[in-house]
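Observations on the three-dimensional arrangement
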Amino acid sequence: MAGADGDDSLYPIAVLIDELRNEDVQLRLNSIKKLSTIALALGVERTRTELLPFLTDTIYDEDEVLLALAEQLGNFTMLVGGPEYVHCLLPPLESLATVEETVVRDKAVESLRKISQEHSPVDLEVHFEPLVKRLASGDWFTSRTSACGLFSVCYPRVSSTVKAEIRQHFRTLCSDDTPMVRRAAASKLGEFAKVLELEYVKTDIIPLFTALASDEQDSVRLLAVEACVSIATLLPQEDLETLVMPTLRQAAEDKSWRVRYMVADKFSELQKAVGPEITKNDLVPAFQNLLKDCEAEVRAAAANKVKEFCENLPEDNREQIIMSHILPCVKELVSDTNQHVKSALASVIMGLSTILGKDNTIEHLLPLFLTQLKDECPEVRLNIISNLDCVNEVIGIRQLSQSLLPAIVELAEDAKWRVRLAIIEYMPLLAGQLGVEFFDEKLNTLCMAWLIDHVYAIREAATSNLTKLVEKFGAEWAQNTIVPKVLGMANDPNYLHRMTTLFCINALSEACGQEITTKQMLPVVLKMSNDQVANVRFNVAKSLQKIGPVLDSNALQTEVKPVLEKLASDSDMDVKYFAQEAIS
Amino acid sequence: MEGEDQGSPIFIRFDSIVKGTDGPGEPRGDERGLGVEGLQAPSTPAASRLVQCNEPDAPVAELHDLFCKKLQQCCVLFDFLDCVADLKGKEIKRAALNELVESVATSRGVLIEPLYPEAIKMISVNIFRTLPPSENPEFDPEEDEPTLEASWPHLQLVYEFFLRFLESPDFQPSMAKRYIDQKFVLQLLELFDSEDPREREYLKTILHRVYGKLLGLRAYIRKQINNIFLRFIYETEHFNGVAELLEILGSIINGFALPLKAEHKQFLVRVLIPLHTAKSLSIFHAQLAYCVVQFMEKDATVTEYIIRGLLKYWPKTCTQKEVMFLGEIEEILDVIEPSQFIRIQEPLFKQIAACISSPHFQVAERALYFWNNEYILSLIEENCQVILPLVFATLYRVSKEHWNQTIVSLIYNVLKTFMEMNSKLFDDLTASYKVEKQKEMKRERERTDLWRGLEEYQERRMQMLTEAARNQRNLQERGERGDPLNPSSPQTAQSDQPEPKPSGASTGAGESAT
């Protein structure tokens, strides 16, 4: 029945609709995901008159199918005949925007927002805006929730009468009976404020903002904090004090920790939005309180912002504010009872040194770093070590190295392998900052010990760590310090350790160069081809394949090839396979 | 550390409060002893006198005054995170609460109107608080130990007092409703998220009493429970008190008047059924299934909504939940009306067939157990003509393929039952099994062909569209530059005409390709 001439009635619609109605959900889902193919086969005319009505009618389906449908329809403009027909897509999307499942609804709203841009201003008023109004006054909360996300996309492009209606609808939803709708409205408040004229921001948005910020449910109040950032950005400085600050102050002291957490979490954005003057007078004390909050969750969120907050303070009296207001709180947090708080602080505290300069760092911050380096919680120590570079720039790492070493050693031997893994990853960075001498003296043994760790992930990380070290310190250093030890492991009684030798050789050969590879590594590899354990033997084959490109052709022909041929006739199937792979 | 700083203004020393209640001019004894003694000395005779308060000469006013003062004293909060802080004060408050519980439970005539606001205030101050963040963010109620409420020694007594207060024969709903209002109930409902099961147990009983006694709040309570559930289902997936709230609802549903109001049906379809999608279903499934069955027993016409709803939300990957769903289906079938059964048998038995062919033997086993239920078996027998063709192919295939011997023998039993029910139909189906299989394969081939054709067609259309777009673009460019048409980047594509660069093709065709 297939024709080639692009005729619009190529396939009978019944056949295609049968596919969309298949009893098997999976098949139905597959068909919906290829809805564009079906629409293309039907042509724009029949897609509009037959396919879309069918889709609108059969909206009761599995949520997964509906999700796929909602997504597809957002990209359907061309398939219904371009922007002048785009409004045909509204009925099915309207139904999808009212279903219970949040994921489906959100996707429908996303698609509606997308196609709203493809509407002409006239179509927007004739077709789109009435849809928004219908959703906004729907019976069940789901449609009203969806409406909240659509106001801001149509507002800028409609006439002022319609604009007034839209504002009215938004106001109504902000004081909706159900908290679900109020949450949706609160979360879109900032976005909506951005498209409003400034006078309406003051007369409409501010009262809504104030009301939502003192809602009976904390889940609504905390969303108002997010909106606060956008609203404060929109208003001129002189209005902030009267219109926004009372609400923000109240939020920072809200009785629910969730709201205070939100303030702490958004603190940097809030700080930028309200500007330096208000920051100095209001936000500094508020921030101090959050750092001292009775809920650990809030303290941790605030601790995370310490560096950013200090960085963004007005420069003229930044140092004074930090030294007299922030630092005392930070000092207390260093010995907080909650490890998440300490670890949040440890991840940013080093950044303060660049802001405060050398002398202050040595006098005030260094003792804190040292305390945190000795913290009982490994995550705290790790966070300090991972940010050493900031301090290095200001005071040099030597100041710390005496305390650093025991901390590193302890982390290197931590019982949790993820902690060991994390410290290995900082080794190349540390090596660069501490220098080759210090490294050889203190850290080299650790790096070698990791090679025989009982967790494979650690051995693997240790191997790639060696490669990075060689890249940093050069081939000569490798030849003197690492290679002999690595090759020595080839005689270890544990076959896993012998394999580690091979893995190291794989990783190091390129960085070490042809000379070392041919003269020192190759003989060891070749010797291991006689190992009793098959795993070692086939890894020999793999290694030879890997280091082949580094070797000269002479060695390849005279030494490597015979060994591989021997392995190719090994009694073990896997050894044979990998030897053959290597030969070819 | 900062608990100390904040502590001092909030946690006023208890004995200083007690001192404050003494008349200003009265002589004070030993500074230390006064608090304890001052509180207890008058209370002991009071409690004994309360019992006999129907004596005409009992100084009732004095008792009320004392009761009221104690309520006010119990509004002082203590820091229980610091377990050694202010031990003496804590002990005094505990004793006072005990006395309040005792007197509200055993004596008549204590609850006079002026005490209602004081009692509700004391309860509010003590129980309403923002619940702390869970110490374990991935708290799994099935696996982990809950974090218990530190202030329980006091909190329990406050709850106990509240409960006795509500249950007291003197309790007057008409007076209470002024103080136990919507805002109060909303805060009470939020506490159901407490991780402490002891607290939720008290809340359950208390809310039930409130629902029972304060008729004006009923609709509001139902609406707020709806909101909590909807938020749980669609927003947070976290709320500790779902099981407790469902338990209350179970008895509320039991009391619904017939015919069911639209509001109640909506609650069933839009809240109770979607609750089945929750990840933590196992924690409250028993209570949920009870509610669902209650609805059916009230009004059989909701059966179809329920079954179709469950089928819509049938678990796709979680076999543990699938077993729970099957259990609930059996509970439903146990009480289903035959006329309703006929309406849903087709989709239902398709799902049961799918369960029987599950590679997880517990799912298959649970489904096959339906045939051991006599009532269900009788329903199946009555509708054998419809049901057998739905499940036959699955039974036949799985009996030959399943890895688990128990399942295989269960299936043989089921097949045997069917054979005895209707041997003619059984033989027909056996005979046509292979033909049906072949028909199915043919349909499958047709589908593949159809899609291949469609996709080839799409490819051709896309090419045409890209070409059209390119031509238009070239025309435009030519117009702008005044150049003659000159294909600038010939490509090796199948078409004999050069195609535009990928970036130029996006105008129309790129959209529909996604």
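Since the structure is predicted, the reported quantities are computational estimates derived from the model, not experimental observations.

**Quick word on the overall build of chain A**
Within chain A, the secondary structure is distributed over 34 helices and 0 strands. The dimensions of chain A, computed from C-alpha atoms along their principal axes, are 85 × 80 × 30 Å. Taking all contacts inside chain A whose residues are at least 6 apart in sequence as the whole, residues at least 24 apart take part in 68%. Surface summary for chain A: the accessible area is close to 24,200 Å², and the carbon and sulfur share equals 50%. Here chain A carries 58 positive and 85 negative side-chain charges, and the mean point of each set is 4 Å from the other.

**Digging into the overall build of chain B**
On a plain count of helices and strands, chain B comes out with 23 helices and 0 strands. Burial status across chain B gives 46% buried among its 514 residues. Here the analysis covers contacts within chain B between residues at least 6 apart in sequence; of these, 75% occur between residues at least 24 apart.

**Regarding the domain arrangement of chain B**
Many analyses report the size of an interface as the accessible area lost when the parts associate. Here chain B is described as being made up of domain 1 (53–129 + 148–179) and domain 2 (434–476). A C-alpha centroid distance of 77 Å is found between domain 1 of chain B and domain 2 of chain B.

**Some points on the UniProt feature "domain: Phosphatase 2A Regulatory Subunit A helical" (unreviewed entry) in chain A**
The sites that UniProt annotates as "domain: Phosphatase 2A Regulatory Subunit A helical" (unreviewed entry) are residues 89–270 of chain A. The span residues 89–270 of chain A is 79% helix and 0% strand, and its two end C-alpha atoms sit 40 Å from each other.

**Some remarks on the domain arrangement of chain A**
All names here are of chain A. Assigned domains within chain A: domain 1 (276–412) and domain 2 (436–583). Inter-centroid distance (C-alpha atoms) of domain 1 to domain 2 is 43 Å. On the domain 2 side, the residues contacting the 6 residues of domain 1 number 5 residues. Of the roughly 510 Å² buried between domain 1 and domain 2, counting both surfaces, carbon and sulfur atoms make up 80%. Per-residue buried area on domain 1 facing domain 2 is highest for Leu 405, Ile 408 and Ala 412; these three make up 66% of the total on that side. Counting the contacts that link domain 1 with domain 2 gives 0 salt bridges. The tally of links from domain 1 across to domain 2 stands at 1 residue pair in polar contact (both at pLDDT 80 or more). For the side of domain 1 that touches domain 2, a count of residues per class yields 4 nonpolar, 1 polar and 1 charged.

**Digging into the nonpolar core**
Generally speaking, nonpolar side chains in soluble globular proteins are found buried as a group. Within the largest apolar cluster, 359 residues are counted, with the highest numbers of intra-cluster contacts made by B:Ile180, B:Phe229 and B:Phe418. With 11 residues, helix α17 (residues 267–291) of chain A is the largest single contributor of residues to this core.

**With respect to the pattern of salt bridges**
Side-chain pairs of opposite charge can arise where the charged atoms are in close proximity. Applying the stated criterion to the full structure yields 59 salt bridges over all chains. The partner of A:Arg299 in a salt bridge is A:Asp336, and the shortest N-O contact between them spans 2.7 Å. Of this pair, A:Arg299 sits in helix α18 (residues 296–304) while A:Asp336 sits in the loop between α20 (318–334) and α21 (339–348); the two residues are 37 residues apart in sequence, bridging distant segments of the chain. In this structure A:Asp336 comes out as buried when scored by relative accessible area, which is 3%. In this structure, the salt-bridge partner of B:Arg366 is B:Glu330, at a minimum N-O distance of 2.9 Å. Highlighted residues: B:Arg366 in helix α18 (residues 361–368) and B:Glu330 in helix α16 (residues 319–335), separated in sequence by 36 residues.

**Considerations on the interface of chain B and chain A**
Facing the 40 residues of chain B at the interface are 54 residues of chain A. When chain B packs against chain A, the two sides together hide about 4,300 Å² of surface, and 55% of this comes from carbon and sulfur. If you sort the residues of chain B by the area they bury against chain A, B:Tyr234, B:Trp451 and B:Tyr457 come out on top, with a joint share of 15%. At the junction of chain B with chain A, the criterion picks out 5 salt bridges.

**Here's the deal with the packing of helix α26 (residues 417–434) of chain A against helix α27 (residues 436–450) of chain A**
Residues and elements named next belong to chain A. Two elements in contact, α26 and α27, have axes separated by 10 Å at closest approach and are oriented at 165°. When the axis of α26 is compared with that of α27, the two are roughly antiparallel. Of the two possible hands of crossing, α26 and α27 adopt the one that is left-handed. Seen from α26, the contacting residues are Ile 423, Ile 424, Met 427, Ala 431 and Leu 434; seen from α27, they are Val 436, Phe 438, Phe 439, Leu 443, Cys 447 and Trp 450. When the residues that make up the contact of α26 with α27 are grouped by side-chain class, the tally is 11 nonpolar, no polar and no charged.

**Points about helix α6 (residues 102–116) of chain A**
In this model, α6(A) (15 residues) spans 21 Å end to end at C-alpha, consistent with the 21 Å of a helix rising 1.5 Å per residue. Buried within α6(A) are the following residues: A:Thr102, A:Val104, A:Arg105, A:Lys107, A:Ala108, A:Val109, A:Ser111, A:Leu112, A:Ile115 and A:Ser116. Residues of α6(A) that are buried in the fold lie against α4 (63–73), α5 (90–96), α7 (121–136), α8 (141–148) and α9 (151–154) of chain A together with α11 (218–236) of chain B.

**What about the confidence of the model for chain B?**
All names here are of chain B. Summarising the model, chain B shows a mean pLDDT of 80, and 81% of its residues fall at 70 or more. Between the elements of chain B, mean pLDDT differs from a low of 36, seen in helix α3 (residues 31–51), to a high of 95, seen in α16. Counting interchain partners and residues more than four positions distant, the pLDDT-below-50 stretch residues 1–57 has 67 contacts. Low pLDDT, under 50, characterises residues 484–514; the stretch is placed with 42 contacts to residues that sit more than four places away or in other chains. For this predicted complex, the interface confidence comes out at an ipTM of 0.74, alongside a pTM of 0.77.

**Some remarks on the side chain of B:Glu199**
All names here are of chain B. Here Glu 199 lies in helix α10 (residues 197–213). Separated by 2.8 Å, the side chains of Glu 199 and Ser 194 make a polar contact. Sequence-distant contacts of Glu 199, that is, excluding residues within four places in its chain, are made with Arg 129, Trp 152, Leu 155, Tyr 159, Leu 191 and Ser 194.

**Comments concerning the packing of aromatic side chains**
Applying the stated criterion across every chain yields a total of 35 aromatic pairs over all chains. Note on B:Phe349 and B:Trp371: the rings are 6.3 Å apart at their centroids and 80° apart in plane angle, and the pair reads as edge-to-face. Taken as a pair, B:Phe349 in helix α17 (residues 338–356) and B:Trp371 in the loop between α18 and α19 (374–382) lie far apart in primary sequence, 22 residues in all. Its end group placed over the ring of A:Tyr200, A:Arg167 keeps NZ or CZ at 3.4 Å from the ring centre. Positioned above the aromatic ring of A:Phe578, the side-chain terminus of A:Lys542 is 4.8 Å from the ring centre.

**Some thoughts on the state of the cysteines**
Evaluated as defined, the whole model comprises 0 disulfides over all chains. No disulfide involves A:Cys329; its sulfur sits 10 Å from that of A:Cys310, the nearest cysteine.

**Structural notes on helix α15 (residues 245–252) of chain A**
Residue and element names in this part refer to chain A. Within the sequence span of α15, burial applies to Met 245, Thr 247, Leu 248, Ala 251 and Ala 252. Buried residues along α15 cover an arc of 160° about the axis, so they all sit on one side. The secondary structure elements touched by the buried residues of α15 are α12 (198–213), α13 (218–234), α14 (237–243), α16 (257–265) and α17.

**Focus on the environment of A:Leu365**
Residue and element names in this part refer to chain A. Here Leu 365 shows up in helix α22 (residues 352–373). Given the relative accessible area of 0%, Leu 365 is considered buried. Along the primary structure Leu 365 and Pro 156 are separated by 209 residues, whereas in three dimensions their C-alpha atoms are 51 Å apart. Apart from the residues lying within four places of it in its own chain, the contact partners of Leu 365 are Leu 327, Leu 352, Ser 353, Leu 356 and Asn 360.

**Focus on unusual backbone geometry**
Residues and elements named next belong to chain B. Cis geometry marks the peptide bond from Leu 258 to Pro 259, where omega comes out at -5°. Position of Pro 259 relative to the elements: it lies in the loop between α12 (242–254) and α13 (262–272). Residue Glu 237 is not a glycine yet carries a positive backbone phi of 55°. Position of Glu 237 relative to the elements: it lies in the loop between α11 and α12.

**Description of the confidence of the model for chain A**
When pLDDT is averaged along chain A, the result is 87, and 98% of the positions lie at 70 or above. Segment residues 1–9 of chain A: pLDDT under 50, and 18 contacts once partners within four positions in sequence are set aside and those in other chains are kept.

**What about the environment of B:Ser194?**
Residues and elements named next belong to chain B. Looking at the secondary structure, you find Ser 194 in the loop between α9 (182–190) and α10. Distance from Ser 194 to Leu 275, taken between C-alpha atoms, is 20 Å for residues 81 residues apart in sequence. For Ser 194, the residues in contact, after removing those within four places along its chain, are Leu 131, Glu 199, Arg 200 and Asn 240. Within the structure, Ser 194 has its side chain in polar contact with the backbone nitrogen of Asp 196 (distance 3.1 Å).

What counts and how
Residues numbered from 1 in each chain as written. Chains lettered and ligands numbered in written order. Predicted model: local features only at pLDDT ≥ 70, side-chain atom pairs only at ≥ 80, totals over all residues. Heavy atoms only, no water. Helix = DSSP H or I, 4+ residues; strand = E, 2+ residues; numbered from the N terminus. Contact = heavy atoms within 4.5 Å. Areas by Shrake-Rupley, 256 points an atom, 1.4 Å probe, with all protein chains shown as cover. Lys, Arg positive; Asp, Glu negative; His and termini not counted. Charge placed at Lys NZ, Arg CZ, Asp CG, Glu CD. Buried < 20%, exposed > 50% of the residue type's maximum accessible area, 1.4 Å probe, protein only. Domains from an automatic or database assignment. UniProt positions renumbered as here; feature names shortened; annotations may be inferred. Buried area = accessible area lost by both parts, 1.4 Å probe. Salt bridge = Lys/Arg side-chain N within 4 Å of Asp/Glu carboxyl O. Polar contact = N/O pair within 3.5 Å; in protein donor to acceptor, adjacent residues only side chain to side chain. Nonpolar A, V, L, I, M, F, W, Y, C, P; charged D, E, K, R; others polar. Core = buried A, V, L, I, M, F, W, Y, C linked by side-chain atoms within 4.5 Å. Axes fitted to C-alpha atoms, helices over the stretch in contact; angles between N-to-C directions. Parallel < 35°, antiparallel > 145°, perpendicular 65-115°, else oblique. Left-handed = near helix turned anticlockwise from the far one by under 90°. Expected span 1.5 Å × (residues − 1). pLDDT = per-residue confidence, 0-100. Phe/Tyr/Trp six-rings, centres within 6.5 Å; stacked < 30°, edge-to-face > 60°. Lys NZ or Arg CZ within 6 Å of the ring centre and 35° of its normal. Disulfide = S-S within 2.5 Å. Arc of directions from axis to C-beta.

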